[in-house]
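Listed here are the chains, written in short residue letters.
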Amino acid sequence: MKHIKRTATAVALTASALLVSACSSGTSAHTTQNAADGKPIVNKENWPKKIPTSGLTKDLTLPLEAYMASYEEQVTVEQAASDLQQSCMKDYGIDLTLPRAGANPPPSDNDANIERRYGITDRVEAEKYGYELPPALQEHTKQTMPDLSDVEVEVLTGHTKPEPPRNPKEVKAGEPLAAPGQGTKPARAEYNGKKLKTGGCIGWSKEQLGAQEADPTFVAQLAGDSLVQSMKDDKVIKAIAAWSSCMAGKGHSGLADPYKAMDQGVTNDEQPSRESIALAVDDIDCKKQTDLVKIWFSAESAIQDKQIADNKTQLTGIKEQRGKEIAAARKEMAAYTQ
């Protein structure tokens with residue numbers, strides 16, 4: 001079950017937290033170039049499809065995905081927040097350039113990770129990369145986060161810059177490693193003759209987008225539970241057993257489920273081995289032969305339908321709140337690009 005739970009959230013998307021750290025992934029409609037190599041910082045061609053267009057999960061969408069934020073939506077909210085924060089800082093006479101959102105996309109559009117939810121499913125990719133991700137998704141676009149001064153941190157966050165941790169060599173026996181007062185303190189009242197905003201420019205950006213603190217993992221947790229429950233379904237158990245038997249017939253014995261195959265096939269080498277590619281291709285062929293993906297998907301869909309019915313009020317609230325934030329973010333983005 002540990003493998004199942006890990007796979008259910010293997011590609012958790014960056015939460016739409018309106019924090020400086022969230023901006024490190026970096027875009028929107030803006031096309032910016034990486035000065036180091038001339039490549040676009042944000043390349044939407046590498047963004048995941050909302051619905052798979054190939055492989056055994058082609059056109060499949062789980063019920064709970066309707067309540068999950070898409071990658072495009074998350075990027076829009078992140079970038080709108082970043083633009084607002086930069087505009088806010090400029091009002092205080094501070095020119096700040098934050099990283100663009102959307103520079104390093106995940107393999108899947110949302111927390112369902114449908115493409116690899118039941119193990120790998122795309123034979124064309126498996127023939128090239130085995131169990132590894134395509135090279136474009138393994139690259140990481142680096143963006144420099146400016147080193148903010150003390151006052152810039154206060155204006156941006158509404159609190160002081162945390163003190164650096166103490167050097168362990170300078171700590172005497174019995175003394176805490178953390179320096180006294182290492183935690184932050186409230187920011188100064190004003191800067192350049194202007195009163196600082198509650199929560200700084202980050203807090204102000206949240207207000208402008210109508211962002212509300214909510215449990216960002218609720219839907220993902222439901223999806224994790226549904227995957228675990230689906231493994232107990234009789235039809236799924238039989239289909240996995242048939243897949244395992246098929247794999248054994250191809251010379252891959254001892255694989256209890258597709259996650260075991262993934263664990264065995266992932267080599268973390270620069271180039272996947274021929275053995276890993278062969279295993280991956282056989283894995284997908286056996287899934288197709290046993291109809292494992294469709295059987296599993298159907299069983300889990302039924303479980304999620306019940307989860308939605310049992311949690312309708314909370315899920316509806318999450319969806320409506322997300323819709324408001326995205327609408328506000330898109331409005332802000334439109335105004336920014338004019």
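What you see is a predicted model; the values in this text were computed from it and never measured.

1. Comments concerning the overall build of the protein
Then, in step 1: Within the protein, the regular secondary structure consists of twelve helices and two strands.
Then, in step 2: Moving toward the C terminus, one meets the helices and strands of the protein in the order α-α-α-α-α-β-β-α-α-α-α-α-α-α.
Then, in step 3: Here the protein holds 338 residues, and the buried ones make up 45% of them.
Then, in step 4: When the accessible surface of the protein is totalled, it reaches about 18000 Å², and 51% of it is carbon and sulfur.

2. Focus: the packing of aromatic side chains
Then, in step 1: Enumeration according to the criterion identifies three aromatic pairs in this entry.
Then, in step 2: Residues Tyr-118 and Trp-296 carry aromatic rings whose centres are separated by 4.8 Å and whose planes lie at 35 degrees to one another, so their mutual orientation is tilted. Taken as a pair, Tyr-118 in the loop between helix H2 (71-91) and helix H3 (123-129) and Trp-296 in helix H11 (residues 292-310) lie far apart in primary sequence, 178 residues in all. Of the two residues, Tyr-118 and Trp-296, both sit in the buried class.
Then, in step 3: Taken together, the ring pairs in this structure connect Tyr-118, Tyr-259 and Trp-296 into an aromatic cluster.
Then, in step 4: Positioned over the ring face of Tyr-92 is Lys-194, at 5.1 Å from the centre of the ring.
Then, in step 5: Here the guanidinium or amino end of Lys-319 rests over the ring plane of Tyr-67, the centre of that ring lying 5.3 Å away.

3. With respect to the packing of H2 against helix H6 (residues 200-209)
Then, in step 1: Relative to each other, H2 and H6 sit at 125 degrees, their axes nearing to 9 Å. As judged from the angle between their axes, H2 and H6 are oblique. Classified by chirality, the crossing of H6 by H2 is right-handed. On the side of H2, the interface is formed by Val-77, Ala-80, Ala-81, Leu-84, Gln-85, Cys-88 and Met-89, while H6 contributes Cys-201, Ile-202, Trp-204, Ser-205, Gln-208 and Leu-209.
Then, in step 2: A class-by-class count of the residues in the contact of H2 with H6 yields ten nonpolar, three polar and no charged.

4. Overview of the nonpolar core
Then, in step 1: Residues Leu-64, Tyr-118, Trp-296 and Leu-315 are the most contacted members of the largest nonpolar core, which totals 39 residues.
Then, in step 2: Looking at this core, the elements that each hand over two or more residues are helix H7 (218-230), helix H8 (234-249), helix H9 (258-265), helix H10 (274-290) and H11.
Then, in step 3: Counting residues in hydrophobic clusters, the runner-up holds 23 residues, among them Cys-88, Met-89, Val-151 and Leu-196.

5. So, unusual backbone geometry
Then, in step 1: With a phi close to 50 degrees, Asn-113 is a non-glycine residue in the positive phi region.
Then, in step 2: For Asn-113, the position within the fold is in the loop between H2 and H3.
Then, in step 3: A relative accessible area of 3% means that Asn-113 is categorised as buried.
Then, in step 4: One non-glycine residue, Asp-291, lies in the positive phi region at around 60 degrees.
Then, in step 5: When you line up the elements, Asp-291 lands in the loop between H10 and H11.

6. A few points about the state of the cysteines
Then, in step 1: In the structure shown here, the tally under the stated rule is two disulfides.
Then, in step 2: The side chain of Cys-88 participates in a disulfide bridge whose partner is Cys-201; the two sulfur atoms lie 2.0 Å from each other. Its S-S torsion of about -70 degrees marks the bond between Cys-88 and Cys-201 as left-handed, since a negative value means left-handed. One end of the pair, Cys-88, is in helix H2; the other, Cys-201, is in helix H6, with 113 residues separating them in the sequence. Taken as a pair, Cys-88 and Cys-201 share a single burial class, namely buried.
Then, in step 3: What pairs with Cys-246 in a disulfide is Cys-286, and their sulfur atoms sit 2.1 Å apart. Disulfide Cys-246 to Cys-286: torsion about the S-S bond roughly -75 degrees, handedness left-handed.

Reading guide: rules and limits
- Residue numbers here run from 1 along each chain, matching the order of that chain's written sequence.
- In view of the model being predicted, local features appear only for residues whose pLDDT reaches at least 70, and side-chain atom pairs are presented and counted only at 80 or more, with totals across whole chains, interfaces and linings using the full set of residues.
- The side-chain values count all of the structure's non-hydrogen atoms but skip hydrogen atoms and water molecules.
- By the criteria applied, helices consist of DSSP H or I runs no shorter than four residues and strands consist of E runs no shorter than two, each listed in order from the N terminus.
- Per-residue accessibility, obtained with a 1.4 Å probe over protein chains only, is compared with the maximum for each type, and a residue is labelled buried under 20%, exposed over 50%, and partly exposed between these values.
- Working definition of accessibility: Shrake-Rupley area with a 1.4 Å probe, residue cover restricted to the visible protein chains.
- Two aromatic rings from Phe, Tyr or Trp, using only the six-membered ring of Trp, form a pair when their centres are within 6.5 Å; if the ring planes differ by under 30 degrees the pair is stacked, by over 60 it is edge-to-face, and anything between is tilted.
- Our definition puts a charge over a ring when NZ of Lys or CZ of Arg is within 6 Å of the ring centre and also within 35 degrees of the ring normal.
- Interaxial angle, 0 to 180 degrees, is taken between N-to-C directions of lines fitted to C-alpha atoms, where a helix line uses only the stretch in contact.
- Angle categories are assigned with fixed cut-offs, so that under 35 degrees is roughly parallel, over 145 is roughly antiparallel, 65 to 115 is roughly perpendicular, and the rest are oblique.
- Left-handed is the label given to a crossing in which the near helix is rotated counterclockwise from the far helix by less than a right angle, and right-handed is the label when the rotation is clockwise.
- Contacts are assigned to residue pairs with any non-hydrogen atoms lying within 4.5 Å of each other.
- Any residue that is not Ala, Val, Leu, Ile, Met, Phe, Trp, Tyr, Cys, Pro, Asp, Glu, Lys or Arg is counted as polar, Gly included; the first ten are nonpolar and the last four charged.
- Take the buried Ala, Val, Leu, Ile, Met, Phe, Trp, Tyr and Cys residues and link them wherever side-chain atoms come within 4.5 Å; each set so joined is a nonpolar core.
- We call a pair of cysteine sulfur atoms a disulfide when they lie within 2.5 Å.

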